[in-house]
Amino acid sequence: MSKYIIPQLVYDDLEVFKKNHADFLAGTLDELTFKTMRVPFGVYEQREANTFMVRIKLAGGILTPSQLLTLSDLAEKYAHEAIHITTRGGAQLHYVKIEDIIDIITTLHSIGLSGRGGGGNTVRNITADPLAGTAPDEVFDVSPYALALTTKMLEQKDSFALPRKFKITFSGSEADRGYATIHDVGFIAKIENGVKGFKLFVAGGMGAKSRVGSKFLDFVPDTEVFLYSQAIKQVFDQNGNRKNKHAARLRFLIEELGMDEFRRLVNVEIEAIKAKGDWHMPITQIERTIGNTTDEPFTVPEAYAKWWNRYVYAQKQAGLYGCKVPVYLGDIHFKHARALANALLPFGEDVLRFTGDQNLYIRNLTASQMITLHDILQEFSKDVSKPTFFGDMVACTGAATCQLGIARPRGAVEAIQKRLEKLFDERDYDALQGFKIHLSGCPNSCGKHLIGDLGFFGKVQRNEGYSYPAYNVVAGTRTSGEGTVFAQKAGDVAAFHLPAFVEEVLDTWLNHVKAYESFADWIDDGGLKIVEDISKKYVEIPSFKDDKNPYFDYNAVELFSLKGRGVGECSAGMYDLIEADKKALKEALEKDEKDYELIRLLSARMLLVTRGEDARDKAGVLKAFKTHFIDTTLLNAYFGTMLEGDADEKSIELAEEVMKLYASMDHTLKFAKEKELAAAAEVKEEKAVHFKDLSGVACPMNFVKTKMELAKIGSGEALEILLDDGAPIDNVPKSVAGEGHKVEATTKEGNGWRVRIVKK
């Protein structure tokens, strides 16, 4: 198997999304609500109005030639003629019309690919070592685990409404080419006492307050990969900060809880998952079509030698070869994608991987088969004929399309390459094999600048009152299962001077490259100070009246500004809806002429998403509010009377009470009174709790039986009953309360309700 399996849950979700999409196009579903639904399907709005991007999950970067053919068709028909390789080894289609996204998603599903979990607060694309299955140093092939875990996570409803995005990866060796040490959950292959397994890291990540992951366990058997991934996800789901998206990633939760408490909570979840069952994750090895490797020794033709020495490598399987293919800025024109896919079709399914450095690998070919691809690859990308470090320049889309972008790193890469290409005859750039330059348009690290040998992330600078684009500089990363180190701050430069700065740093490194095993070694041995000193030459820019060019970013037609920069959609979710309704409610309350119907609707709707409700029509909102906030006693029954009939001035009281309730909400979306009720329930639990299962008992007999049970207990004692949804839960609690007893708590349980009654 070389594909993950799309479960029925995703197809069911797509049917709901199709209706939401139709309602949005018809104007009956508002834009904000639709955003919270499309982003978890990997559909993002771009910076240019009315254009969208569709992100596609490729577990471990794996796709077949036939899948690539279909992607090329989609790029030609719907997108901007290109397939974009993401910095997580997935694929994106840009400049898509909103009317076309259902057709695109449906086509993707037909070839075994999905965008579900491609964006938002979800389990994102699960990545893997790009050389998995072929690397001479790997412990074992981790590709099947990336595929199987993707399937398993797509089956879980809780994978799509987390506090923040959740990233998982696999590495095949201590070289950590999959970057397990900087993911929320990272696995590094290991064999212990003859058993396959993994070293497990948790809570790594880049962006705001970047953090290297902590080793959670030295060995997890491979049969427990899903068990631990799911348990960690559940702890995150239950305890993560949903109120502040800037402190919502798993790394912030571990800082808050401490590793000991986090470990305890994970162990609790592990036991709960085991008790529930269905936690085993079947592993199917990838089928490979192996060519004839018994031919006479192969001699590389002289005309192909430079390309072969730069990009082709011998696999661990004798007689087979892999080839790195640099893809300029991660963009593949549909014609080139189609040509490559057709050329690879005869060689089987496991011949292609997209990578997190926005390149791709061809694999499992004999030398003679590999040579047949040379001419196609020369047309495929302009970086194929250059030294490897040109293709190892990674850049996010930046301000060209991203709502959060500050600078335009793709244009910067183009400018850097143009400058360095003029020096080919004077510099030995092949001596920089493996050197990586990474650029992000803002601090969010989509270009993974902290794991570049030389990294940059965008910032705003000002001169004489004018803004201009600039970059922070970082240098000297190390990646290893024994100790990853992020690149260190090494100054800042104006974007205008970036190509000259890169040229001087590389010239300086070329003077030292033979004396050190790595660029990081040189940085640690005084190189950092040298890079900082070089950067100081490239900070200042001319006066605006003398030269306006530094005040434009690359490939921009307007003066640099943050105009058009908006709120990123990566965290689109429930909190966005709360904030939107809260703002609208405040505005409605401030108006001289009050719209009481609107105030009541917004008050009732504002916090419904915290209960998992997405009702937007008036009747559905009021009914759900009563169920979740009045019947559960989070709000006094007095406020329930305001939900009946036409709204009046009492709606203002309801709004004020909802605002108070909101103010008491913690970062896990729990309210103060909710916690008080839970604490009181725990105290009463210590005493004998009377219980009666009345599920399946219809009205009014369920009320009669409830009275009989209450007759058996003393005043102040508690009775818990189970009631069915519908008439039983609507009627019995009201009838009990009408006789003077206290309905202390009403909670959803399975398909019914658990009601706690305290006898008067």
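Residues numbered from 1 in each chain as written. Predicted model: local features only at pLDDT ≥ 70, side-chain atom pairs only at ≥ 80, totals over all residues. Heavy atoms only, no water.

Turning our attention to the overall build of the protein chain. The number of helices and strands found in the protein chain is 24 helices and 23 strands. Taking 27 Å as the expected radius of gyration for a compact globule of 760 residues, we find that the protein chain reaches 29 Å, a close match to that expectation. Principal-axis analysis of the C-alpha atoms gives the protein chain an extent of 95 × 70 × 50 Å. Across the protein chain, contacts joining residues at least 24 apart in sequence account for 69% of those joining residues at least 6 apart. Total accessible area on the protein chain stands at roughly 31400 Å², and carbon and sulfur atoms take up 51% of it. Taken together, the 96 basic and 108 acidic charged side chains of the protein chain have centroids lying 3 Å from each other. (Helix = DSSP H or I, 4+ residues; strand = E, 2+ residues; numbered from the N terminus. Rg over C-alpha atoms; globule rule 2.2 N^0.38 Å. Contact = heavy atoms within 4.5 Å. Areas by Shrake-Rupley, 256 points an atom, 1.4 Å probe, with all protein chains shown as cover. Lys, Arg positive; Asp, Glu negative; His and termini not counted. Charge placed at Lys NZ, Arg CZ, Asp CG, Glu CD.)

The next subject is the nonpolar core. Of all hydrophobic cores here, the largest spans 70 residues; its most connected members are W307, F354, L360, I362 and L377. A415, A495, F519 and Y538 belong to the second-largest nonpolar core, a separate cluster that totals 43 residues. (Core = buried A, V, L, I, M, F, W, Y, C linked by side-chain atoms within 4.5 Å. Buried < 20%, exposed > 50% of the residue type's maximum accessible area, 1.4 Å probe, protein only.)

The subject of this paragraph is the packing of aromatic side chains. Evaluation of the coordinates by the stated rule reveals 35 aromatic pairs. Ring centres of Y145 and F198 lie 5.2 Å apart, and the angle between their planes is 80°; this geometry places the pair in the edge-to-face category. Highlighted residues: Y145 in helix α5 (residues 143–154) and F198 in strand β8 (residues 195–202), separated in sequence by 53 residues. Owing to a relative accessible area of 1%, Y145 belongs among the buried residues under this scheme. On the accessibility criterion, F198 (0% relative accessible area) is buried. A cation sits over an aromatic face here: K152 above F226, 5.3 Å from the ring centre. Looking at R263, its charged tip hangs above the ring of F216, at a distance of 4.5 Å from the centre. (Phe/Tyr/Trp six-rings, centres within 6.5 Å; stacked < 30°, edge-to-face > 60°. Lys NZ or Arg CZ within 6 Å of the ring centre and 35° of its normal.)

To continue, consider a negative patch on the surface. There is a patch of like negative charges on the surface, built from D646, D648, E649, E653 and E656. Residue placement: D648 occurs in the loop between α20 (637–640) and α21 (650–663). (Patch = residues over 30% accessible without salt bridge, like charges linked within 9 Å, V, L, I, M, F, W, Y side chains within 5 Å. Salt bridge = Lys/Arg side-chain N within 4 Å of Asp/Glu carboxyl O.)

Take the sheet that holds strand β6 (residues 168–171) next. Taken together, five strands build an open sheet; the order of strands is β5-β6-β7-β8-β9 and the sheet is mixed. Two strands lie at the open edges of the sheet, namely β5 (127–128) and β9 (214–221), each paired on one side alone. Note that β5 and β6 share two bridges and pair parallel. Within the sheet, the bridge partner assigned to T127 lies in β6 and is T169. Here α5 sits on the sheet and contacts β5, β6 and β8; the angle it forms with β6, its principal contact strand, is near 165°. (Pairing = 2+ DSSP bridges. Axes fitted to C-alpha atoms, helices over the stretch in contact; angles between N-to-C directions.)

Moving on to the sheet that holds strand β10 (residues 312–314). The sheet built from four strands is open, its strands ordered β10-β11-β14-β13 with antiparallel pairing. Both edges of this open sheet fall to β10 and β13 (352–354), since each of them pairs with a single strand only. The mean inter-strand angle of the sheet, taken between neighbouring strand axes irrespective of direction, is 20°. Inspection of the sheet shows β13 paired to strand β14 (residues 360–365) by three bridges, in the antiparallel sense. For L352, the partnering residue across the bridge sits in β14 and is I362.

Bridging between strand β3 (residues 82–85) and strand β12 (residues 331–333) involves three bridges; their strand directions are antiparallel. Bridging from a neighbouring strand, A82 pairs with H333 of β12. Relative to strand β4 (residues 91–96), β3 is paired through two bridges, and the arrangement is antiparallel. Its bridge partner lying in β4, H84 is registered against Q92. Counted along the chain from β3 to the antiparallel partner β4, the turn is five residues long, and its residue G89 has a positive phi close to 75°.

Turning to the pattern of salt bridges, a few remarks are in order. Summed over all chains, the structure comprises 50 salt bridges. Between D521 and R478 there is a salt bridge; the shortest N-O distance is 2.6 Å. Separated by 43 residues along the polypeptide, D521 in helix α16 (residues 519–535) and R478 in the loop between β18 (466–475) and β19 (488–494) bring together distant segments of the chain. By relative accessible area, D521 is classed as partly exposed at 25%. Residue R478 is classed as partly exposed on the basis of its relative accessible area of 27%.

Turning our attention to the packing of helix α3 (residues 65–78) against helix α4 (residues 101–110). Across the interface, α3 lies against α4 with an axial gap of 11 Å and an inter-helix angle of 170°. With respect to their mutual orientation, α3 and α4 come out roughly antiparallel. Between α3, through T70, L71, L74 and Y78, and α4, the contact on the second element is made entirely by D103, I104, T107 and L108. A breakdown of the residues in the contact of α3 with α4 according to their chemical character gives five nonpolar, two polar and one charged. (Parallel < 35°, antiparallel > 145°, perpendicular 65-115°, else oblique. Nonpolar A, V, L, I, M, F, W, Y, C, P; charged D, E, K, R; others polar.)

Quick look at unusual backbone geometry now. With phi around 60°, Y95 is a residue other than glycine that occupies positive phi space. By secondary structure assignment, the location of Y95 is in strand β4. A relative accessible area of 29% means that Y95 is categorised as partly exposed. At N555, a residue that is not glycine, the phi angle is positive and equals roughly 60°. Examined against the element boundaries, N555 turns out to sit in the loop between α16 and α17 (574–590).

Next up on the list: helix α15 (residues 498–510). Between the first and last C-alpha of α15 there are 18 Å, a value that for 13 residues agrees with the 18 Å anticipated at 1.5 Å per step. The buried fraction of α15 amounts to 12 of the 13 residues, a majority that puts the element mostly inside the structure. The set of residues buried in α15 consists of L498, P499, A500, F501, V502, E503, V505, L506, D507, T508, W509 and L510. (Expected span 1.5 Å × (residues − 1).)

Attention shifts here to the environment of R264. Here R264 is to be found in helix α8 (residues 259–276). Sequence-wise, R264 and D331 are 67 residues apart; in three dimensions their C-alpha atoms are separated by 45 Å.

The values reported here are purely geometric and, on their own, carry no functional implication.
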